[in-house]
Amino acid sequence: MRLTTKGRFAVTAMVDLALRENRGPVTLAAISERQHISLSYLEQLFGKRRPARPLTSGHGPGGGYNCPHLAQNHSPQGLRPAAD
């Protein structure tokens, strides 16, 4: 499967989110730092992704993203279409 840069970054961010989901909400800033992806680019990706597949988000201190359905969806093909 070939991924665009946008698709690769989206899959990378969602895998990072899935790996840390049990520790509470994950901030885009933390994903950006760990994965070396621009924070503004992640904000664009997650802003476009929200209507395609619901993410739960918390605002303010201690806020971030959770994605409850990630445990059932291990396939990159399931993540990519919402990003492209």
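Residues numbered from 1 in each chain as written. Predicted model: local features only at pLDDT ≥ 70, side-chain atom pairs only at ≥ 80, totals over all residues. Heavy atoms only, no water.

Visitor: Help me understand unusual backbone geometry, please; the structure alone is not making it clear to me.
Guide: Backbone phi values are negative for most residues with the exception of glycine, while trans is the configuration of most peptide bonds. Positive phi outside glycine occurs at H36, with the angle close to 60°. Exposure remark for H36: the relative accessible area of 70% places this residue in the exposed category. (Buried < 20%, exposed > 50% of the residue type's maximum accessible area, 1.4 Å probe, protein only.)

Visitor: Help me understand the nonpolar core, please; the structure alone is not making it clear to me.
Guide: The tendency in soluble globular proteins is for nonpolar side chains to be buried side by side. In terms of nonpolar packing, the biggest core is built from 14 residues, with L17, L28, I31, L42, L45 and F46 touching the most fellow members. Counting residues per element, the ones that place at least two in this core are α1 (5-20), α2 (28-35) and α3 (39-52). At five residues, α1 tops the list of elements feeding residues into this core. In this structure, L42 is in contact with A13, L28, I31, S32 and I37, ignoring residues within four places of it in sequence. (Core = buried A, V, L, I, M, F, W, Y, C linked by side-chain atoms within 4.5 Å. Helix = DSSP H or I, 4+ residues; strand = E, 2+ residues; numbered from the N terminus. Contact = heavy atoms within 4.5 Å.)

Visitor: What's the story with α2 in this structure? I'm lost.
Guide: Helical geometry: 3.6 residues make up each α-helical turn, so side chains three or four residues apart lie on a common side. Taken residue by residue, α2 has L28, I31 and S32 as its buried positions. Along the axis of α2, the buried positions cluster into a sector of 100°, meaning they face one direction only. (Arc of directions from axis to C-beta.)

Visitor: Help me out: how do you make sense of the side chain of D16 in this one?
Guide: Mapping D16 onto the fold places it in helix α1. Of the polar contacts made by the side chain of D16, one reaches the side chain of R34; its length is 2.7 Å. The residues contacting D16, other than those within four sequence positions of it, are V26, I31, R34 and Q35. (Polar contact = N/O pair within 3.5 Å; in protein donor to acceptor, adjacent residues only side chain to side chain.)

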